[in-house]
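One letter stands for each residue in the lines below.
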Amino acid sequence: IFLVLMNSFKNKLYISDAPFALPNLDTFSGMYNYVNGIQKTGLLVAAGRSAFITICSVIVIVLLTSMAAWWITRVTCKLSTVLYYLFVFAMIVPFQMVMFTLSKVTDFLHLGNMFGIIPVYLGFGAGLSLFMFCGFIKAIPISLEEAARVDGAGRFRIFSTVILPLTVPGLVATGIFSFINGWNEYLFASTFMKSYENWTLPIGIASFSGQYATNWGTLMAGAVLITLPVVLMFLLLQKHLVSGMTAGAVKQ
């Protein structure tokens, strides 16, 4: 991270010659790389697109997988067991294995846009999220739900007032992982969102690297911009992330 940050303030001619040297009066370019990248490639618009897709994906993944995990954990039957292992199996399926089939489906359903890519992220992010939520929900005494049901609470109220508040560490941990995966995701976006109007931030930064020439200064500046939100989120929420992962592992 330090090398990328340091080279983002250097002229592109000097990055290849002395990538480990600190900027000096001759190599220092100020904010030129950042301004040049933002103006020429529309990084701010791409960042807004990435933020919208990532935030919506996180909300959908956390909400739906927590509901599914609650049902799978509390309902003991063959269907719930089969569904659980299907979600777990989905964690180990690589994207390349289903790339062509999924590409055909997304083209047929016209999902190659900002809104259509969200269900695709849900499909690939649901396995890990559901696995983590099941570990938390198993540790919640079922007597709490029975007491709420005796008081007249319905399923939605039990889920929203009993289950969700007790799984806050899991919500935070799952949300952070989903955010990082969605914000840094490149393969799905580059494969399915072929139009320039739908490009996300990773695709915009990748455009700095050409077949015959690469603008290393602008590329380094873009790498800093795409890394900064993830680093800040981890620094601010690292306690919740560690506690969520530890609690989920122990309770599982």
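Rules behind the numbers
- Residues numbered from 1 in each chain as written.
- Predicted model: local features only at pLDDT ≥ 70, side-chain atom pairs only at ≥ 80, totals over all residues.
- Heavy atoms only, no water.
- Helix = DSSP H or I, 4+ residues; strand = E, 2+ residues; numbered from the N terminus.
- Buried < 20%, exposed > 50% of the residue type's maximum accessible area, 1.4 Å probe, protein only.
- Contact = heavy atoms within 4.5 Å.
- Areas by Shrake-Rupley, 256 points an atom, 1.4 Å probe, with all protein chains shown as cover.
- Lys, Arg positive; Asp, Glu negative; His and termini not counted.
- Charge placed at Lys NZ, Arg CZ, Asp CG, Glu CD.
- Disulfide = S-S within 2.5 Å.
- Axes fitted to C-alpha atoms, helices over the stretch in contact; angles between N-to-C directions.
- Parallel < 35°, antiparallel > 145°, perpendicular 65-115°, else oblique.
- Nonpolar A, V, L, I, M, F, W, Y, C, P; charged D, E, K, R; others polar.
- Phe/Tyr/Trp six-rings, centres within 6.5 Å; stacked < 30°, edge-to-face > 60°.
- Lys NZ or Arg CZ within 6 Å of the ring centre and 35° of its normal.
- Patch = residues over 30% accessible without salt bridge, like charges linked within 9 Å, V, L, I, M, F, W, Y side chains within 5 Å.
- Salt bridge = Lys/Arg side-chain N within 4 Å of Asp/Glu carboxyl O.
- Bend = angle between axes of the 7 residues up to and from the residue.
- Core = buried A, V, L, I, M, F, W, Y, C linked by side-chain atoms within 4.5 Å.

A. Fine view of the overall build of the protein. Broken down by element type, the protein carries 13 helices and zero strands. The secondary structure elements of the protein, listed N-terminal to C-terminal, are α-α-α-α-α-α-α-α-α-α-α-α-α. Once the C-alpha set of the protein is aligned to its principal axes, its extents read approximately 75 × 45 × 30 Å. Taking all 252 residues of the protein together, 39% fall into the buried category. Put simply, of all contacts in the protein between residues at least 6 apart along the chain, 73% involve residues at least 24 apart. As displayed, the protein has an accessible area near 14300 Å², and 72% of this comes from carbon and sulfur atoms. Side-chain charges in the protein split into 14 positive and 8 negative, and the spacing between the mean points of these groups amounts to 6 Å.

B. Spotlight on the state of the cysteines. One pass over the structure, following the stated rule, counts zero disulfides. In this structure Cys77 is a free cysteine whose sulfur lies 13 Å from that of Cys134, the closest cysteine sulfur available.

C. Broad picture of the environment of Tyr196. Considering the arrangement of structural elements, one finds Tyr196 in the loop between helix H11 (187-192) and helix H12 (201-206). Expressed as a C-alpha distance, the spacing of Tyr196 and Ala21, which sit 175 residues apart in the sequence, is 36 Å.

D. Fine view of the packing of helix H7 (residues 117-138) against helix H10 (residues 168-184). Where H7 meets H10, the axes come as close as 10 Å, and the angle between the chain directions of the two elements is 170°. On the basis of the axis angle, H7 is roughly antiparallel to H10. Contacts from Ser129, Met132, Phe133 and Phe136 in H7 reach Pro169, Gly170, Leu171, Ala173, Thr174 and Ser178 in H10. Considering only residue class, the contact of H7 with H10 consists of six nonpolar, four polar and no charged.

E. Quick look at the packing of aromatic side chains. A complete count under the given rule lists 12 aromatic pairs for this structure. Seen from their ring centres, Phe9 and Phe28 are 6.3 Å apart, and the 20° between their planes marks the pair as stacked. Here Phe9 is found in the loop between helix H1 (2-7) and helix H2 (12-15), whereas its partner Phe28 is found in the loop between H2 and helix H3 (32-41), with 19 residues between them in sequence. An aromatic cluster is built from Phe95, Tyr121, Phe124, Phe188 and Phe192, whose rings are joined through pairwise contacts. Looking at Lys138, its charged tip hangs above the ring of Tyr84, at a distance of 5.7 Å from the centre.

F. Summary view of the environment of Ala47. Here Ala47 shows up in helix H4 (residues 43-74). Put simply, Ala47 and Leu63 are 16 residues apart on the chain and 24 Å apart in space, counted from C-alpha to C-alpha. Among residues more than four places away in sequence, those in contact with Ala47 are Trp183 and Leu201.

G. Expanded view of a nonpolar patch on the surface. Side chains of Ile1, Leu228, Val231, Leu232, Phe234 and Leu235 sit close together on the surface and give an oily, nonpolar patch of about 570 Å² of accessible area. Assessed through its relative accessible area of 76%, Ile1 is described here as exposed.

H. Focus on helix H6 (residues 95-109). Its axis deflected by about 40° at Thr101, H6 carries its strongest bend there. All of the buried residues in H6 are Phe95, Leu102, Ser103 and Thr106. Elements in contact with the buried residues of H6: H7 and H11. Backbone geometry just downstream of H6 places His110 in the positive-phi region, at approximately 60°.

I. Examining the nonpolar core more closely. Within the largest apolar cluster, 28 residues are counted, with the highest numbers of intra-cluster contacts made by Ile163, Leu201 and Ile205. Contributing elements (two or more residues each) for this core: H4, H7, helix H9 (155-166), H10, H12 and helix H13 (216-251). With eight residues, H4 is the single largest residue contributor to this core. Aside from chain neighbours lying at most four places away, what touches Ile163 is Trp70, Ile137, Ile140, Glu145 and Ile158. If you look at the next biggest cluster of nonpolar residues, it comprises 12 residues, including Phe188, Ala189, Phe192 and Ile203.

J. Geometry of unusual backbone geometry. The phi torsion at His110 lies on the positive side, around 60°, for a residue other than glycine. Following the sequence through the fold, His110 ends up in the loop between H6 and H7. A relative accessible area of 63% places His110 in the exposed class.

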